[in-house]
Structure formats: structure tokens, C-alpha cells
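What the coordinates show
Next come the chains, spelled out residue by residue.
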Amino acid sequence: MKAVMIVYNHGITEEVDEALEKLSIRGFTRFINVHGQGSDKGEPHLGTHIWPSQNAVVLTVIEDDKVDPLLEEVRQINREAEEQGIHAFVWNIEKMV
């Protein structure tokens, strides 16, 4: 099992939801109104008057064989909406109850 955390501009929530649905990933937790900024480029997403955009985060725990297809969906979203911003992070899950 792997945990995948997808951080993205809330404006592309529909695209992220479609990717999860396409891969039959049903279980996830979404965090909304998340603030941050990228390390290389792009505008900060701070929810302020100056930087009004905000991020969202989806955290899902999935079988290993779904990780690469999900990352490919994230790459595709990024190609189509690079200015919006999306990143995915993967780590091992040792135990789960």
C-alpha cells in the first residue's frame, strides 16, 4: 500500500476528481483552503487580497499497482493546466487499521 498526497490549485478540483474516478479510487480525504507556494515558480496561494488563490489536498491510500497510473493522470493534468499548479507525493504505508 502507498499513500499519495496530491496538492493542487482548488480551481482544478474537477480534473483531480475525474482522475480518481477514472482509476476507481474511491477512498480519499480532501483538505480545502490550504495555503502555500511552489518552490520554483508560480504565484503563492495564500487566500489573501494580494494572493487570493488557495490550494486543496487529496490524500489517498491505494494499492501499489494504482500509483503509476495515478501519477500519470497528475502529469496529464499538469500538462493541461501548468499555471494552476499540481504536485503528487508518494510514500509507503507500513500498517493500516
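Structure: above.
Summary of the structure given here.

Basis of the calculations
- Residues numbered from 1 in each chain as written.
- Predicted model: local features only at pLDDT ≥ 70, side-chain atom pairs only at ≥ 80, totals over all residues.
- Heavy atoms only, no water.
- Helix = DSSP H or I, 4+ residues; strand = E, 2+ residues; numbered from the N terminus.
- Rg over C-alpha atoms; globule rule 2.2 N^0.38 Å.
- Buried < 20%, exposed > 50% of the residue type's maximum accessible area, 1.4 Å probe, protein only.
- Contact = heavy atoms within 4.5 Å.
- Areas by Shrake-Rupley, 256 points an atom, 1.4 Å probe, with all protein chains shown as cover.
- Lys, Arg positive; Asp, Glu negative; His and termini not counted.
- Charge placed at Lys NZ, Arg CZ, Asp CG, Glu CD.
- Core = buried A, V, L, I, M, F, W, Y, C linked by side-chain atoms within 4.5 Å.
- Expected span 1.5 Å × (residues − 1).
- Salt bridge = Lys/Arg side-chain N within 4 Å of Asp/Glu carboxyl O.

**Topic: the overall build of the protein**
Summing up its helical and strand segments, the protein has two helices and four strands in all. Reading the helices (α) and strands (β) of the protein from amino to carboxyl end gives β-α-β-β-α-β. For the protein, the C-alpha radius of gyration of 14 Å lies close to 13 Å, the compact-globule estimate for 97 residues. Overall, the protein is about 40 × 30 × 25 Å in size when its C-alpha atoms are taken along their principal axes. Within the protein, the fraction of its 97 residues that count as buried is 30%. Residue pairs in contact within the protein that sit at least 24 positions apart in sequence constitute 73% of those at least 6 positions apart. With an accessible surface of roughly 6,800 Å², the protein has 50% of that area assigned to carbon and sulfur atoms. Both charge centroids of the protein, one from 9 positive and one from 17 negative side chains, sit 6 Å from each other.

**Overview of the nonpolar core**
Core analysis: the biggest nonpolar cluster contains 19 residues, and Ile6, Tyr8, Val16, Leu70 and Ile86 have the highest contact counts within it. Residue assignment for this core shows that the elements contributing at least two residues are β1 (2-9), α1 (13-22), β3 (55-62) and α2 (67-80). For this core, the leading source of residues is α2, giving five residues. Contact partners of Leu70, with chain neighbours within four places excluded, come to Val4, Ile6, Leu20, Leu23, Ile25, Thr60 and Ile62.

**What about α2?**
With 14 residues, α2 should cover 20 Å at 1.5 Å per step; its first-to-last C-alpha distance of 20 Å lies within 8% of that length. In the core, the buried residues of α2 are packed alongside β1, α1, β3 and β4 (86-92).

**Considering the pattern of salt bridges**
Here the idea is simple: oppositely charged side chains can pair when their charged atoms come close. According to the stated counting rule, one finds four salt bridges in the structure shown. A salt bridge links Glu73 to Lys22; the shortest N-O distance between them is 2.8 Å. Pair noted here: Glu73 is in helix α2 and Lys22 is in helix α1, with a separation of 51 residues, a long-range link. A relative accessible area of 17% means that Glu73 is categorised as buried. As a salt-bridge pair, Arg79 and Glu72 come within 2.9 Å of each other at their nearest N and O atoms. Its relative accessible area of 53% is what places Arg79 among the exposed residues. Of the residues examined, Glu72 reaches a relative accessible area of 37% and is grouped as partly exposed. Look at the salt bridges and you will find they share partners, linking Glu72, Arg75 and Arg79 into a network.

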